[in-house]
Amino acid sequence: MSLLVVGLSHRSAPVSVLERASLHVDAQLKLLQDTVAAEPAAEAALLATCNRIELYADVDKFHAGVAELSTLLAQHSGVGLDELTPYLYVHYEDRAVHHLFSVACGLDSMVVGEGQILGQIKDSLARAQDLHTAGRLLNDLFQQALRVGKRAHSETGIDRAGQSLVTFGLEQLAAGADVQTWARGKKALVIGAGSMSSLAAATLARAGIAEIVVANRTFERAERLAEILSEGDDTDVLARAVPMNTVPAELTRADVAVSCTGATGLVLTADAVAATVEGRTGAPAAVAVPASDEARPTAVPESAETPLPGAAADENCPLDLSSVPTGFSVMGEAAVAGMDAATLEQHGAWAAGGAVVDRPREAGRPGAGADAELITALAATAASVGRIPERRRPEPVAEVPRPQPVLFLLDLAMPRDIDAAVHRLAGVRLVDIESLAEASADAPMASDVDMVRRIVGDEVAAFGAAQRAAHITPTVVALRSMAADVVAGEIARLEGRLPGLDDKHRAEITQTVKRVVDKLLHAPTVRVKQLAAEPGGAGYADALRTLFDLDQETVASVSRTENSTEKNRGPA
C-alpha cells in the first residue's frame, strides 16, 4: 500500500473554483466513507480548509487511485471532473509526506507561517478516527505532521514570516495603519461561532475593540463564545450573543463585521450592505468606479497616431510592422521603442534613404530628415545601453479617491459569505479570501523559512525510514512466532521421551532452548530492520519470507491486526 494525496488549493485554483468545490460537513463525512469503500483505497483522511481541499489515501494502485480520488472529489463537490481536473495536484509516497509536513509548518499557507493549520490537521485526523477511516499509515502520518509543525514553530522564527489569516485580514482592513490603533473604540459584529470566527473574535478583543456581538444559527454556541470573550483576563471587551435573524439590524450598529459560516448561500448581500451604509451616512451608497477604469490612458494626438502613407507597404523597411501599435508612425519614436541597436541602425538608414519622400505631409509634421536625425540619435543611445525604452507613454488619469470607509468587512468563509459586489460600494472596505490571496503574494518571507524547509526534509526522511522499517515488522513477528512454535513442539517431544523429567529441569531446558533461538534470530532481525529502513529496503521482507518459508497469510494477518488496532483508536 502507498500514500497518495489528490487536492486543490489557493496555489492551484482560483478562488471561484475553490468556492464551488468547498464541502459542507456532511459531504466531508460521506466523501471519507465512499473513499474507503472504493477498491484502490484502504484508508482515507480529508484536509478541508477555507483555501484547500486535500484527500489523503492509502492505495494499492497509483493510477487507479488517482482516477478514483479525483472522481470522488468531483462527485462530492458538485464541480464536474473535466472542469476540476486542471486545478488538481497529485503527490505520491515521499512527495505526499513532504507536502503534508510543509502544510503543517505553514509553508503552503496563504499567509506563510500561520499556525492555525495545525488545529485543522488535528481536526482532520480526529474526524478520520471517528469514522474509522484512518489506519496505521494515516494515523502515523498526521500525528507526525502535527509534531513537525510544532517543532517548526518552536525551533525557528517562522511565526515572524506571517500571521494567522485573521490577523493578516485585519491588517488589510487597517490599510497599513496599526491594527490596535485602528480597532480602538470600534464595535464589531462576528457572524459564526466556529473555530475561525472564534479566533477572529479573540483577535479583535486583544486588538482593543470596544464591543463584540456574536451571531450564530445555534444561539447557545454564540452565547458560549460571548461568555468566553467577556471572561478573558487579557481583555475588557463587552460581548453579547444575538440570534442570526438580527444580523441586518446589528450590522447598522457595527463598524467592523467578520463572517465565517458554513452557509452555502450569501449571508450579507450587496443590497443589505448598501442599505447599512445609507443608514450610517444618510446618503445612498454609490457604486465606485474600479481603479482599472479610472486610469485609462489618454488619447495620443492625431498627428502622432496617423500612419504615414506608403510606409506600411514598403518592403525594404526592416521593422516588423505586425508588432507596431495600430496608428503609430513607423518612422517615429514609438515605432522604434525597444529595438536592439543593430535593427535600429538599419531602420535609421532606411528612414534616411527617403523611401517615402513623396508622401503628402500634414502641416507641422517633421520631414524624413528630422525622422532620420531622431532615429540616428536613438541608435547612438541604443549602442551604449543596448535597447531603447518606450518613451511615448500616455499619462494616466489620476485615480479618483474613494470616500473613507464607514464599514469594514472581513469575509473568511469558503464559499464566501459576503457578496463580492460589495467591493464596488463606496464607503465600504471588503477583504475576502480572494483579496487576501492577492495581498499575500507579495508578503515578505522570513529567513527562518529556509530552516523550516530543512526541518521538513529531515522529518520526511525519518518518516520514510520508520515506515519502511515498520513494513518489515509483520514479517519479523511471523518469524519469531514460527520459532516459538518450533520450540514448543520440541519441548513437547522431549517430554514424551523423558516422562520422568521434573518441573525444575523441564523449565531449565525450555529456557535454554528459547535463549538459543533468540540469540540466533536477534542479529538477523535487527539487521534486517536497519536495512529495510534504507531507501530500496522493501525487498528484505520478501527475502526473509523466502529464506524461512514463512506463510504469507500469517504475515498478512499480523498486518491486518495492527491496522485494525490503529483504525479503532480514538481521537488523539
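Residues numbered from 1 in each chain as written. Predicted model: local features only at pLDDT ≥ 70, side-chain atom pairs only at ≥ 80, totals over all residues. Heavy atoms only, no water.

Novice: Got a sec to walk through the overall build of the protein? Specific residues and values, please.
Specialist: Along the backbone of the protein there are 23 helices and 10 strands. Put simply, the protein has 572 residues, and 46% of those count as buried. As presented, the protein carries roughly 27,900 Å² of accessible surface, and 54% of it is formed by carbon and sulfur atoms. (Helix = DSSP H or I, 4+ residues; strand = E, 2+ residues; numbered from the N terminus. Buried < 20%, exposed > 50% of the residue type's maximum accessible area, 1.4 Å probe, protein only. Areas by Shrake-Rupley, 256 points an atom, 1.4 Å probe, with all protein chains shown as cover.)

Novice: An account of the environment of Ala134 is requested, with residue identities and associated values reported.
Specialist: As for its placement among the helices and strands, Ala134 is situated in the loop between α6 (116-130) and α7 (136-155). Separated by 91 residues in the primary sequence, Ala134 and Glu43 place their C-alpha atoms 5.2 Å from one another.

Novice: Tell me about the pattern of salt bridges, and name the residues and values.
Specialist: In the structure shown here, the tally under the stated rule is 22 salt bridges. Arg224 is the salt-bridge partner of Glu227, the closest N and O atoms lying 3.7 Å from each other. With a gap of 3 residues between them, Glu227 and Arg224 both fall in helix α11 (residues 219-231), about one helical turn apart. Here Glu227 falls in the partly exposed class, since its relative accessible area comes to 37%. Residue classification places Arg224 among the partly exposed positions, given a relative accessible area of 46%. One salt bridge in this structure joins Glu250 and Arg240, with 3.0 Å as the shortest N-O distance. Separated by 10 residues along the polypeptide, Glu250 in helix α12 (residues 247-251) and Arg240 in strand β7 (residues 238-243) bring together distant segments of the chain. The class of Glu250 is buried, set by a relative accessible area of 12%. For Arg240, a relative accessible area of 30% puts it in the partly exposed group. (Salt bridge = Lys/Arg side-chain N within 4 Å of Asp/Glu carboxyl O.)

Novice: Before we move on, can you summarise the pairing of strand β6 (residues 211-216) with the specific residues and values?
Specialist: With 6 of its 6 residues buried, β6 lies for the most part within the structure. Where burial is concerned, the two faces of β6 agree: the one with Glu211, Val213 and Ala215 and the one with Ile212, Val214 and Asn216 are both buried. Of the strand pairs in this sheet, strand β5 (residues 187-191) and β6 are connected by 5 bridges, and their pairing is parallel. Bridging from a neighbouring strand, Val190 pairs with Val214 of β6. Regarding topology, helix α10 (residues 195-207) serves as the crossover connection from β5 to the parallel β6, and that connection is right-handed. Here 6 bridges tie β6 to β7, and the two strands are oriented parallel to one another. Looking at β7, one finds that Val214 is bridged to Ala241. (Pairing = 2+ DSSP bridges. Right-handed = clockwise from strand over helix to strand, strands pointing away.)

Novice: Break down the packing of aromatic side chains for me, citing the residues and quoting the values.
Specialist: Enumeration over the complete set of coordinates arrives at 4 aromatic pairs. Ring plane angle 80° and centroid distance 5.9 Å describe the contact between Phe101 and Phe463, whose orientation is recorded as edge-to-face. Placement of the pair is Phe101 in helix α5 (residues 94-104) and Phe463 in helix α20 (residues 448-497), with a sequence separation of 362 residues. (Phe/Tyr/Trp six-rings, centres within 6.5 Å; stacked < 30°, edge-to-face > 60°.)

Novice: Go over the sheet that holds β5, please, and point to the residues and values.
Specialist: Pairing in this open sheet of 6 strands is parallel, and the strands run β7-β6-β5-β8-β9-β10 from one edge to the other. Only two strands of the sheet have a single partner each, and these edge strands are β7 and β10 (428-431). Put simply, the sheet's adjacent strands are angled 15° from each other on average, direction ignored. When strand β9 (residues 407-411) meets β10, the two strands line up parallel, connected through 4 bridges. (Axes fitted to C-alpha atoms, helices over the stretch in contact; angles between N-to-C directions.)

Novice: Pulling in residues and values, what's your account of α6?
Specialist: Counted at 1.5 Å a residue, the expected span for α6 with its 15 residues is 21 Å, and the 22 Å between its end C-alpha atoms agrees. Among the residues of α6, those classed as buried are Gln116, Ile117, Leu118, Gln120, Ile121, Ser124, Leu125, Ala128 and Gln129. Phi turns positive one or two residues past the end of α6, at His132, with a value near 60°. (Expected span 1.5 Å × (residues − 1).)

Novice: Mind laying out the side chain of Asn139, listing which residues take part and the relevant values?
Specialist: Of note, Asn139 is situated in helix α7. The class of Asn139 is buried, set by a relative accessible area of 0%. Only 2.6 Å separates the side chain of Asn139 from the side chain of Gln129, close enough to count as a polar contact. (Polar contact = N/O pair within 3.5 Å; in protein donor to acceptor, adjacent residues only side chain to side chain.)

Novice: Describe the environment of Tyr89, listing the residues and the values that go with them.
Specialist: Within the secondary structure layout, Tyr89 lies in strand β4 (residues 89-92). Residue classification places Tyr89 among the buried positions, given a relative accessible area of 14%. Distance in space between the C-alpha atoms of Tyr89 and Val5 is 8.1 Å, their sequence separation being 84 residues. Ignoring any residue separated from it by four or fewer positions in sequence, one finds Tyr89 in contact with Val5, Val6, Gly7, Leu8, Ser9, Ser12, Arg52, Glu54 and His99. Within polar-contact distance, the side chain of Tyr89 engages the side chain of Glu54 at 2.5 Å. (Contact = heavy atoms within 4.5 Å.)

Novice: I'd like a description of the sheet that holds strand β1 (residues 2-9), backed by residues and values.
Specialist: Spatially, 4 strands are ordered β2-β3-β1-β4 in an open sheet, and the strand pairing comes out antiparallel. What marks the edges here is a single partner per strand, and that holds for β2 (41-49) and β4. The sheet shows a mean angle of 15° between the axes of neighbouring strands, direction not considered. Alignment of β1 against β4, held across 4 bridges, turns out to be antiparallel. Across the sheet, Val5 pairs through a bridge with His91, a residue of β4.

Novice: Can you break down the nonpolar core residue by residue, with the values?
Specialist: Judged by nonpolar contacts, the single largest core of 68 residues is most densely connected at Leu8, Leu84, Leu165, Trp182, Ile212, Leu229 and Leu412. In this structure, Leu412 is in contact with Cys50, Leu165, Val166, Met196, Val258, Ser259, Cys260, Ile433 and Leu436, ignoring residues within four places of it in sequence. Ranked by size, the runner-up nonpolar core spans 35 residues in total, among them Val449, Val452, Val460 and Phe463. (Core = buried A, V, L, I, M, F, W, Y, C linked by side-chain atoms within 4.5 Å.)

Novice: With reference to specific residues and values, describe the packing of helix α8 (residues 165-174) against α10.
Specialist: At a minimum axis separation of 9 Å, α8 and α10 run at an interaxial angle of 55°. Regarding the angle of α8 to α10, the classification is oblique. Of the two possible hands of crossing, α8 and α10 adopt the one that is right-handed. Across the interface between the two elements, Leu165, Val166, Thr167 and Leu170 of α8 pack against Met196, Leu199, Ala200, Thr203 and Leu204 of α10. Its residues assigned to classes, the contact of α8 with α10 comprises 7 nonpolar, 2 polar and no charged. (Parallel < 35°, antiparallel > 145°, perpendicular 65-115°, else oblique. Left-handed = near helix turned anticlockwise from the far one by under 90°. Nonpolar A, V, L, I, M, F, W, Y, C, P; charged D, E, K, R; others polar.)

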